[in-house]
Amino acid sequence: MEVVRTGIPGLDNLFAVGGFPKGNSILLIGGPGSGKSIFGMQYLYSGITEYDEPGIFITFEETPEKIRRNMLSFGWNLDALEKKEKLIIMDAVTYRISGDVDEETLRSGLDVDNLIANLDDAISAISAERVVIDSLSVMGLYAYDEFEKRTKLLRLSNLLSMRKVTSLVITEARSADIGIKEFPIETFMFDGVISLRLDTETQERKISIRKMRGTKHVIGSFKFSITDYGIELTP
Ligand SMILES: Nc1ncnc2c1ncn2[C@@H]1O[C@H](COP(=O)(O)OP(=O)(O)OP(=O)(O)O)[C@@H](O)[C@H]1O
Ligand SMILES: [Mg+2]
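Parameters and conventions
Every chain is numbered on its own, with residues counted from 1 as its sequence reads. Whichever chain is written first becomes A and whichever ligand is written first becomes 1, with later ones labelled in order. Given that this is a predicted model, residues contribute local features only at a pLDDT of at least 70 and side-chain atom pairs are listed and counted only at 80 or more, while totals for whole chains, interfaces and linings are drawn from all residues. Heavy atoms from the whole structure form the basis of all side-chain values; hydrogens and water molecules are not counted. Numbering of helices and strands runs from the N terminus; a helix is a DSSP stretch of H or I covering at least four residues, while a strand is a stretch of E covering at least two. Relative accessibility under 20% of the residue-type maximum defines a buried residue, over 50% an exposed one, and the middle range a partly exposed one, all with a 1.4 Å probe and only protein chains included. Definition of nonpolar core: a set of buried residues of the types Ala, Val, Leu, Ile, Met, Phe, Trp, Tyr and Cys, connected through side-chain atoms within 4.5 Å. Pairs were defined over the aromatic rings of Phe, Tyr and Trp, the Trp ring being its six-membered one, requiring ring centres within 6.5 Å. Orientation was assigned from the angle between planes: stacked under 30 degrees, edge-to-face over 60, tilted for the rest. What makes two strands pair is DSSP finding at least two bridges between them. In this analysis an axis means a line fitted to C-alpha atoms, helices contributing only their contacting stretch, and an angle means the value between N-to-C directions, from 0 to 180 degrees. Whether two residues are in contact is decided by their heavy atoms, any of which lying within 4.5 Å being enough. By definition, a salt bridge exists where a carboxyl oxygen of Asp or Glu is found within 4 Å of a side-chain nitrogen of Lys or Arg. Being near a molecule or strand, for a residue, means having at least one of its heavy atoms within 4 Å of it. We define a polar contact as two N or O atoms separated by no more than 3.5 Å, with the added condition that, inside protein, one atom must be a possible hydrogen donor and the other a possible acceptor, whereas residues neighbouring each other in sequence contribute only through side-chain atom pairs. Residue-level accessible areas treat just the shown protein chains as cover; the underlying method is Shrake-Rupley with a 1.4 Å probe. Residue type decides the class: Asp, Glu, Lys and Arg count as charged, Ala, Val, Leu, Ile, Met, Phe, Trp, Tyr, Cys and Pro as nonpolar, and the leftover types, Gly among them, as polar.

Some remarks on the environment of Leu81
Position of Leu81 relative to the elements: it lies in helix H3 (residues 78-83). A relative accessible area of 6% means that Leu81 is categorised as buried. For the pair Leu81 and Ile48, spaced 33 residues apart in sequence, the C-alpha to C-alpha distance is 8.0 Å.

Pasting the structure below:
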């Protein structure tokens, strides 16, 4: 089986095959500040710098400028990778808030149709093998109802699987107990689910793999930290 390394020190070992099965679409779920965006960018950054696998980051939350600036604090020079055409940061933020798009068009799903077309082009442009979407929760706001949201999600997930990219789709957890009591319905559409959380009692960050089609994986919560170099599991 072909495997994609996660780029997160200590994480690959938790999968029997040594990483994500290639082509999987993985939901990364966690509360605010749990490290989702950093995890996503680290997956792309190390994919490019260590494995020469180009990547695409679609942002619905922070502007590309802000992301480039924040990620510099880990020594990740995204600008350089973009210039080398190894990384594309697709800006769904300014797109969303730009004046020439009216509210009605926005809510009726312009986002996803356009997104799918743009993403398809972007994957071809740099031969991307990794895709990160940050985040589904914000994207989902621009749908009329649950049914429409799920239909859009299915179309997006079809594209991801047709193009054989290994993708991380970020979403906000609705409660601290995520994975135990409350699962969003989207969970079932993904090949894998990874959760990040901050334990408010012990002030520890924890990661767990809830599901990963195609490989055995360790069950349990593992401590991780965010250091000057990014995310790493605590040995
Ligand atoms: N340079 C750094 N060194 C250590 N920790 C950092 C550093 N930069 C950010 N952090 C930690 O990472 C957290 C933010 O991580 P990140 O942006 O990935 O979270 P998130 O889950 O995407 O949050 P949100 O839901 O708000 O988008 C900060 O709250 C902070 O605790
Ligand atoms: Mg974030």
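Observations concerning the nonpolar core
In a soluble, globular protein the nonpolar side chains are often hidden away together inside. The biggest cluster of nonpolar side chains holds 35 residues, and the ones touching the most others in it are Phe20, Phe39, Met41 and Leu78. Residues Ala122, Val131, Leu136 and Leu160 belong to the second largest nonpolar core, which totals 29 residues.

Section: the packing of aromatic side chains
Going through the model one piece at a time under the given rule, you end up with 4 aromatic pairs. Here Phe74 and Trp76 contribute two aromatic rings whose centre-to-centre distance is 4.9 Å and whose plane-to-plane angle is 35 degrees, an arrangement assigned as tilted. Here the aromatic residues Phe15, Phe20 and Tyr43 are joined through ring pairs into a cluster of three or more.

Side note on the sheet that holds strand S7 (residues 166-172)
The sheet built from 9 strands is open, its strands ordered S5-S4-S6-S7-S3-S8-S9-S10-S11 with mixed pairing. Unpaired on one side and paired on the other, strand S5 (87-91) and strand S11 (230-233) mark the two borders of the sheet. Geometrically, the sheet is characterised by an average inter-axis angle of 25 degrees between neighbouring strands, direction not taken into account. Of the strands in this sheet, strand S3 (25-30), strand S4 (55-59), S5, strand S6 (130-134), S7, strand S8 (192-199), strand S9 (204-212), strand S10 (221-227) and S11 are in contact with helix H1 (residues 36-51), which crosses S6 at around 165 degrees.

Describing the pattern of salt bridges
Evaluation of the coordinates by the stated rule reveals 12 salt bridges. Note that Glu204 is salt-bridged to Lys223, the shortest N-O span being 3.4 Å. Of this pair, Glu204 sits in strand S9 while Lys223 sits in strand S10, placing them 19 residues apart in sequence.

Topic: the site of ligand 1
Close contacts around ligand 1 come from 15 residues, with Lys36, Ser37, Ile38, Glu172 and Arg205 the closest. A distance of 3.1 Å separates an oxygen atom of ligand 1 from a polar backbone atom of Ser34. In this structure, Ser37 approaches ligand 1 through a side-chain N or O atom, which is 2.8 Å from an oxygen atom. Out of a free accessible area of 650 Å², ligand 1 has 63% covered by protein chains. By residue number, the principal contributor to the shell around ligand 1 is H1, which donates 3 residues. Taken together, the residues of the shell around ligand 1 sort by class into 4 nonpolar, 7 polar and 4 charged.

Let's talk about unusual backbone geometry
In this structure, Ser135 follows Asp134 across a cis peptide bond, with omega equal to 0 degrees. Structurally, Ser135 can be placed in the loop between S6 and helix H6 (136-140). Residues other than glycine seldom take positive phi values, yet Glu85 does so here, at roughly 60 degrees. Tracing the sequence through the fold places Glu85 in the loop between H3 and S5. The class of Glu85 is exposed, set by a relative accessible area of 55%. In the Ramachandran plot, Lys164 falls in the positive-phi region, its phi being about 55 degrees despite a non-glycine side chain. Its location among the elements puts Lys164 in the loop between helix H7 (146-162) and S7.

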